[in-house]
Amino acid sequence: MKTKAAVAWKAGQPLTIEEIDLTGPKSGEVLVEIKATGICHTDYYTLSGADPEGLFPAILGHEGAGVVVDVGPNVKSLRKGDHVIPLYTPECRECKFCLSKKTNLCQAIRSTQGKGLMPDSTSRFSIDGKPLFHYMGTSTFSNYTVVPEIALAKIREDAPFDKVCYIGCGVTTGIGAVIYTAKVEAGANVAVFGLGGIGLNVIQGARMVDADKIIGIDINPEREAMARKFGMTHFINPNDVPNIVDAVVQLTDGGADYSFECIGSTKVMRQALECTHKGWGRSIIIGVAEAGAEISTRPFQLVTGRKWEGSAFGGARGRTDVPKIVDWYMEGKIDIDSLITHTLTLDNINEGFRLMKAGESIRSVVIY
Ligand code: NAD
Ligand code: AHE
Ligand code: ZN
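Residues numbered from 1 in each chain as written. Chains lettered and ligands numbered in written order. Predicted model: local features only at pLDDT ≥ 70, side-chain atom pairs only at ≥ 80, totals over all residues.

- Looking at an unreviewed UniProt entry, one finds the chain named S-(hydroxymethyl)glutathione dehydrogenase and attributed to Nitrosomonas oligotropha.
- Turning to the chain, the UniProt annotation filed under Sequence similarities (unreviewed entry) states: "Belongs to the zinc-containing alcohol dehydrogenase family. Class-III subfamily."
- Under Cofactor (unreviewed entry), UniProt gives the following word-for-word description of the chain: "Zn(2+)". (UniProt positions renumbered as here; feature names shortened; annotations may be inferred.)

Some points on the sheet that holds strand β2 (residues 16-22)
So, point 1. The four strands lie next to each other as β1-β2-β6-β7, forming an open sheet whose pairing is antiparallel. The sheet terminates laterally at β1 (2-7) and β7 (130-131), the two strands that pair on one side only.
So, point 2. Bridge count for strand β6 (residues 125-127) against β7 is two bridges, and the pairing is antiparallel. Residue pairing across strands places I127 opposite K130, the latter belonging to β7. (Pairing = 2+ DSSP bridges. Helix = DSSP H or I, 4+ residues; strand = E, 2+ residues; numbered from the N terminus.)

Quick word on the domain arrangement of the chain
So, point 1. Assigned domains of the chain: these are domain 1 (2-168 + 336-367) and domain 2 (174-312).
So, point 2. Each of domain 1 and domain 2 has a C-alpha centre, and these two points are 28 Å apart.
So, point 3. Taken together, the contacts link 14 residues of domain 1 with 10 residues of domain 2.
So, point 4. In terms of residue count, the dominant contributor to the side of domain 1 that touches domain 2 is helix α1 (residues 41-48) (three residues). (Domains from an automatic or database assignment. Contact = placed C-beta atoms within 7 Å.)

Looking at the site of ligand 1
So, point 1. Surrounding ligand 1, one finds 33 residues, the nearest of these being H41, G194, G196, I198 and G264.
So, point 2. Those elements that place two or more of their residues in the shell around ligand 1 are α1 and α5 (170-182).
So, point 3. No other element matches the three residues that α1 contributes to the shell around ligand 1.
So, point 4. For the shell around ligand 1, the residue count by class is 17 nonpolar, 14 polar and two charged.
So, point 5. Domain assignment of the residues forming the shell around ligand 1 places at least three in each of domain 1 (2-168 + 336-367) and domain 2 (174-312). (Near = placed C-beta within 6 Å. Nonpolar A, V, L, I, M, F, W, Y, C, P; charged D, E, K, R; others polar.)

Brief notes about the environment of K102
So, point 1. Mapped onto the secondary structure, K102 falls in the loop between α2 (96-100) and α3 (110-114).
So, point 2. Exposure remark for K102: the 9 C-beta atoms within 10 Å place this residue in the exposed category.
So, point 3. Between the C-alpha atom of K102 and that of Q250, which follows or precedes it by 148 residues, the distance is 35 Å. (Buried ≥ 20, exposed ≤ 12 C-beta atoms within 10 Å, placed from the backbone.)

Quick look at the structure:
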């Protein structure tokens, strides 16, 4: 079939809107009509050329929601008409990683996914007979996409696509890092570095678990008002204090119990670790740093009890946890609407990237 998609031809160049070819779902695969997709900083990161796994030409996008249009042979859990959220972290429930119960990082299709291909090592997308790469197994910047069954969460049918698409990455990543990865307890002091589409959801998660001090840190002063609405109790602009680590330590009687890096800066990752409390502080890296970047600190920081950790997709097991998070939204337990500051058509998708780079948006959502 033909479908309209935004194609990333080359690193650093704007996407172009094209009519492309899509072949139907093979065994274990599902054809999904994407109804809406968010634009995440990671899409920008890959488009910029900083992602060692970035491949071109590709169909980017990994924060979508839509409807099942067709299923390939051997698909058991989904049928035509089901509402779904594509998962860049699938949940096969059979691999060593899923069975371990220690991680959400299902590896069933990770190697082909990282090569921009479907599990049979081919692409479903092409233009003028030339293949286009998939991205993160989801490629939601195409109106129609093919996704493995294990990478689709079935969600309730009354949930609005243009809001719950954000659960496909940002909402789950932020809230999940608090509740699934860190398991922050009530009364804890939390520091959140970067108050964008991810960090504000970390703030929202910290409020949900009844954290005590929720300290937001951002160089963009415009972020303060929105973060307070989501539960931030203290705001620090690093440009307004001599030393951001000292500022957090002073506010928290020795350091934060938990910190979250939601930027992708290795310099900030170090600050986030070193502002946590001696003996038990835990710092969770969420931000994605460019190829070749490395983190550093004095080992003494770890010897004295701080822990450096990371979180992908908030530690969420997508097929199990995403439908629950959709329920939380529908029950009014979490706010998504306020964070979606811009809606766009696919034709204007490059404007979404511009707004993100300029710090003018929290989340832009493309509605097909
Ligand atoms: P964003 O652009 O919306 O937000 C980043 C925020 O960081 C902005 O508010 C910006 O002003 C602030 N900032 C930049 N430099 C700063 C500094 N030195 N000190 C303090 N604040 C600073 O981005 P986002 O969509 O929220 O994504 C954040 C990061 O998380 C990106 O690296 C993205 O790739 C990554 N990410 C990771 C996962 C995961 O599963 N681990 C999932 C989604 C996104
Ligand atoms: N391809 C990059 C890494 C990108 C990365 O860390 N992705 C996160 C999700 S970001 C969503 O916005 C993730 O889930 N990582 C785990 C995984 O298996 O990719 C690189 O540096 O190579
Ligand atoms: Zn993302």
